[in-house]
Amino acid sequence: MRWTNLPNLLTLSRLVLVPFAVTAIAAGDYRRALAIFVVAAATDGLDGFLARRFGWLTRIGAYLDPVADKALLNGAWLALGIAGAAPIWLVALVFGRDLLILAMVAAAILFTKYRSFPPSMWGKISTFLQIAGALVALVHLAFPRPELEGLARPLLWLVAAGTAWSGVDYIRRAVVTLLNKRETPVH
């Protein structure tokens, strides 16, 4: 299968949209940022659905999809933090979790033969919550309404809890994987 299929092109389009979304947030053009973010976030669900539904799974897609997710979410949360729409501690938590995961993957690549790093259910939940949180924050910035404030604050706490818990779960998975590899006899 060629790498240039529709799901991979959607993933690449998400990567291309990241600087435009971040720039719009930083410039205070929240309606434009919201539109770009919605399109970029929609590609996240659509690329995976199409790849699974039509068997268009590729190795490059498996690597690019999480990179595009991280670029979009980290960029959006950083810009929201700078804009004052997200607490800095939450931005640090989102970045810290992803840095932790990257460090564990790098350690696994350097020191083990383990090369499979599938996302966990909690990682997917965390990604969904981060997208929803950023989306609600952008909607609130683009169309300020008191009722959105009531939704945004609890959602930020859900984002924090989901992000922290998925980080803990990735650590747990890494430890279990390492312990299981040690118990396997080497031939």
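In short, a report on the structure. Since we're looking at a predicted model, the values are computed, not measured. All residue numbers refer to position in the chain's written sequence, counted from 1. Local features in a predicted model are, by the rule used here, given only for residues with pLDDT of at least 70; side-chain atom pairs are given and counted only at 80 or more, and totals for whole chains, interfaces and linings are based on all residues. The basis for every side-chain value is the complete set of heavy atoms in the structure, and neither hydrogens nor water enter the calculation.

### Overview of the side chain of Gln130
As a reminder, the rule being used: For the purposes of this entry, the term helix denotes a DSSP run of H or I that reaches at least four residues, the term strand denotes a run of E that reaches at least two, and both are numbered from the N terminus. For each residue, the accessible area found with a 1.4 Å probe, counting protein chains only, is set against the maximum for its type, and the residue is called buried under 20%, exposed over 50%, and partly exposed in between. For the purposes of these results, a polar contact is taken to be a pair of N or O atoms within 3.5 Å, where, inside protein, one atom must be able to donate a hydrogen and its partner to accept one; residues adjacent in sequence count only when each atom of the pair is a side-chain atom. Working rule for contacts: check all heavy atoms of both residues, and any pair within 4.5 Å makes them a contact.
Relative to the assigned elements, Gln130 resides in helix α5 (residues 121-142). Of the residues examined, Gln130 reaches a relative accessible area of 1% and is grouped as buried. A distance of 3.0 Å separates a polar atom in the side chain of Gln130 from a polar atom in the side chain of Thr163. Ignoring any residue separated from it by four or fewer positions in sequence, one finds Gln130 in contact with Leu73, Trp77, Val94, Arg97, Val159 and Thr163.

### Description of a nonpolar patch on the surface
Here is the rule we go by: A patch is a set of surface residues, each over 30% in relative accessible area and not in a salt bridge, joined within 9 Å for like charges and within 5 Å for the nonpolar side chains Val, Leu, Ile, Met, Phe, Trp and Tyr. Working definition of accessibility: Shrake-Rupley area with a 1.4 Å probe, residue cover restricted to the visible protein chains. Definition used for salt bridges: Asp or Glu carboxyl oxygen within 4 Å of a side-chain nitrogen of Lys or Arg.
A surface patch of nonpolar side chains, about 300 Å² in accessible area, is lined by Leu100, Ile171, Val175 and Leu179. Top element by residues in the nonpolar patch is helix α6 (residues 146-183). It accounts for 3 residues. Position of Ile171 among the secondary structure elements: in helix α6. Judged by its relative accessible area of 37%, Ile171 is partly exposed.

### Quick notes on helix α1 (residues 6-26)
Selection criterion: In this scheme, a helix's expected span is set at 1.5 Å multiplied by one less than its residue total. Two axes enter the definition of the bend at a residue: one is fitted to the seven residues ending there, the other to the seven starting there, and the bend is the angle between them.
Taking 1.5 Å of rise per residue, 21 residues should cover 30 Å, and α1 covers 30 Å from first to last C-alpha, within 8% of that figure. Helix geometry: α1 is bent most strongly at Leu17, by close to 30°, with proline Pro19 lying one to four residues after it. Where α1 is concerned, the buried positions are Pro7, Asn8, Leu10, Thr11, Arg14, Val18, Ala21, Ala24 and Ile25. Packed against the buried residues of α1 are α2 (30-53), α3 (59-82) and α5.

### Details of the pattern of salt bridges
Side-chain pairing between opposite charges can occur once the charged atoms of the two side chains come close. Throughout the structure, instances matching the rule amount to 8 salt bridges. Where Asp47 meets Arg14, a salt bridge forms, and the shortest distance between an N and an O atom there is 3.1 Å. In this pair, Asp47 is assigned in helix α2 and Arg14 in helix α1, connecting sequence segments 33 residues apart. In this pair, the class of Asp47 matches that of Arg14, namely buried. Where Asp98 meets Arg97, a salt bridge forms, and the shortest distance between an N and an O atom there is 2.6 Å. Look at Asp98 and you get buried, because its relative accessible area is 7%. Taken together, the shared-partner salt bridges connect Arg14, Asp44, Asp47, Asp65 and Asp69 into one network.

### A closer look at the packing of α1 against α2
To be explicit about the condition: Between N-to-C directions, angles span 0 to 180 degrees; the directions come from axes that are lines fitted to C-alpha atoms, helices contributing only their stretch in contact. Note on terminology: angles under 35 degrees are roughly parallel, angles over 145 are roughly antiparallel, angles of 65 to 115 are roughly perpendicular, and the others are oblique. Whether a crossing is left-handed or right-handed is set by the direction in which the near helix is turned from the far one by less than a right angle, anticlockwise for left-handed and clockwise for right-handed.
At a closest axis distance of 8 Å, the pairing of α1 and α2 adopts a crossing angle of 160°. The orientation of α1 with respect to α2, classified from their angle, is roughly antiparallel. For α1 against α2, the interelement crossing comes out left-handed. Seen from α1, the contacting residues are Leu6, Pro7, Leu10, Thr11, Ser13, Arg14, Leu17, Phe20, Ala21, Ala24 and Ile25; seen from α2, they are Tyr30, Arg32, Ala33, Ile36, Val39, Ala40, Thr43, Asp44, Leu46, Asp47, Leu50 and Ala51.

### A look at the packing of aromatic side chains
Spelled out, the test is: Classification of ring pairs uses Phe, Tyr and Trp, with its six-membered ring standing for Trp, and accepts pairs whose centres are within 6.5 Å; under 30 degrees between planes counts as stacked, over 60 as edge-to-face, and the remaining range as tilted. Only when the NZ of Lys or the CZ of Arg is both within 6 Å of the ring centre and within 35 degrees of the ring normal is a charge said to sit over the ring.
Tallied over the entire structure, the rule returns 3 aromatic pairs. Measuring from ring centre to ring centre gives 4.9 Å for Phe54 and Trp56, while their planes differ by 25°; the resulting arrangement is stacked. On the basis of relative accessible area, Trp56 is assigned to the partly exposed category, the value being 27%. Relative to Trp165, the ring of Trp122 has its centre 6.3 Å away and its plane inclined at 85°; by these criteria the two rings are edge-to-face. Here Trp122, found in helix α5, pairs with Trp165, found in helix α6; they are 43 residues apart in sequence, far enough to count as distant. The ring of Phe54 carries Arg53 above its face, with NZ or CZ at 5.2 Å from the centroid.

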